Amino acid sequence: GAGVSQTPSNKVTEKGKYVELRCDPISGHTALYWYRQSLGQGPEFLIYFQGTGAADDSGLPNDRFFAVRPEGSVSTLKIQRTERGDSAVYLCASSLTSGSYNEQFFGPGTRLTVL
Amino acid sequence: AQTVTQSQPEMSVQEAETVTLSCTYDTSESDYYLFWYKQPPSRQMILVIRQEAYKQQNATENRFSVNFQKAAKSFSLKISDSQLGDAAMYFCAYRGRVSYGGATNKLIFGTGTLLAVQP
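An account of the accompanying structure is given in this report. (Residues numbered from 1 in each chain as written. Chains lettered and ligands numbered in written order. Predicted model: local features only at pLDDT ≥ 70, side-chain atom pairs only at ≥ 80, totals over all residues. Heavy atoms only, no water.)

## What about the overall build of chain B?
Put simply, the rule is: Here a helix means four or more residues in a row that DSSP labels H or I, a strand means two or more in a row labelled E, and each is numbered from the N terminus. As defined in this context, the radius of gyration uses C-alpha atoms, and a globule is described by 2.2 Å times the residue total to the power 0.38. For every residue, the accessible area (1.4 Å probe, protein chains only) is compared with the maximum for its type, and the residue is labelled buried under 20%, exposed over 50%, or partly exposed between those bounds.
A tally of helices and strands in chain B yields zero helices and 12 strands. Overall, chain B shows an N-to-C arrangement of helices and strands of β-β-β-β-β-β-β-β-β-β-β-β. In terms of overall size, chain B behaves like a compact globule, its C-alpha atoms giving a radius of gyration of 14 Å where 119 residues would be expected to give roughly 14 Å. Summarising its shape, the C-alpha atoms of chain B cover approximately 45 × 30 × 25 Å along the three principal directions. Counting over 119 residues, chain B shows a buried share of 48%.

## Some words on the interface of chain A and chain B
You'll often see interface size given as the accessible area lost when the parts meet. Short version of the rule: Throughout, a residue-residue contact means that at least one pair of heavy atoms, one from each residue, lies within 4.5 Å. Once two parts are joined, some of their accessible surface, as seen by a 1.4 Å probe, is lost; buried area is that loss totalled over both. We call two N or O atoms a polar contact when they sit within 3.5 Å, provided that within protein one can donate a hydrogen and the other can accept it, with sequence-adjacent residues counted only if both atoms are side-chain atoms. Under this grouping Gly is polar, as are all residues other than the nonpolar Ala, Val, Leu, Ile, Met, Phe, Trp, Tyr, Cys and Pro and the charged Asp, Glu, Lys and Arg.
Residue-level contacts link 31 residues of chain A with 25 residues of chain B. Across the interface of chain A and chain B, roughly 2200 Å² is buried in total on both sides, 47% from carbon and sulfur atoms. At the boundary of chain A with chain B, the tally comes to eight residue pairs in polar contact (both at pLDDT 80 or more). Of all the elements in the fold, those that place two or more residues in the side of chain A that touches chain B are β4 (31-37), β5 (44-50), β6 (53-56), β9 (88-95) and β11 (110-114) of chain A. Residues belonging to the side of chain A that touches chain B are distributed by class as follows: 11 nonpolar, 17 polar and three charged.

## Focus: unusual backbone geometry
Cis geometry is found at the peptide bond from A:Thr7 to A:Pro8, where omega equals -5 degrees. Considering the arrangement of structural elements, one finds A:Pro8 in the loop between β1 (5-7) and β2 (10-13). We note that B:Lys73 has phi near 50 degrees; this positive angle belongs to a residue other than glycine. With respect to the helices and strands, the residue B:Lys73 is situated in the loop between β8 (64-69) and β9 (74-79).

The values reported here are purely geometric and, on their own, carry no functional implication.
Okay, here's the thing in structure tokens:
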């Protein structure tokens, strides 16, 4: 079956613009996670969805970042008024349920570059 | 708050040899999971091996094994018979053990170790 997919693979934007990053989880996975990986760093947690609701958004850096998952499947990470510091790889992962034993399967990420 | 530390930014190993990657962590929790992930240039994180903290036996997956020292909060990865395809960034990660719907499902990663395999 298909794994986690993310689009676009690469996104270049200008400072101040709005961007949307999409994540398509593995079919049937109820839990979805977003992470941000800056250059030379490990991924850092942003937000976690269980179904349609955000169960933990404690990792979102500020109110310019927002994510939705309206039908409990595809999720969109939205960044307003982008800044150069937002440049990073944004990784999405999904797991069958939110139980801690369940493996998180990662997508290939979206590399965001803010000029 | 939990933290994960990888003190080796880069490591190198000869093909067919054995290499050990180090990881230490800090937590006040008694039950948790530890992971090693591999990230090749394609960026896709791949789970290599998982250890449950309440299990004393070290996890093994083919050529990959861990040395889990709970009291020392140490979790190293040993790769035996290294292959060219093992070259990648390796991340150690921590995850708390939660009940269904709990808010600590996030993975906490270290900064990674870049492994080069020399032919």
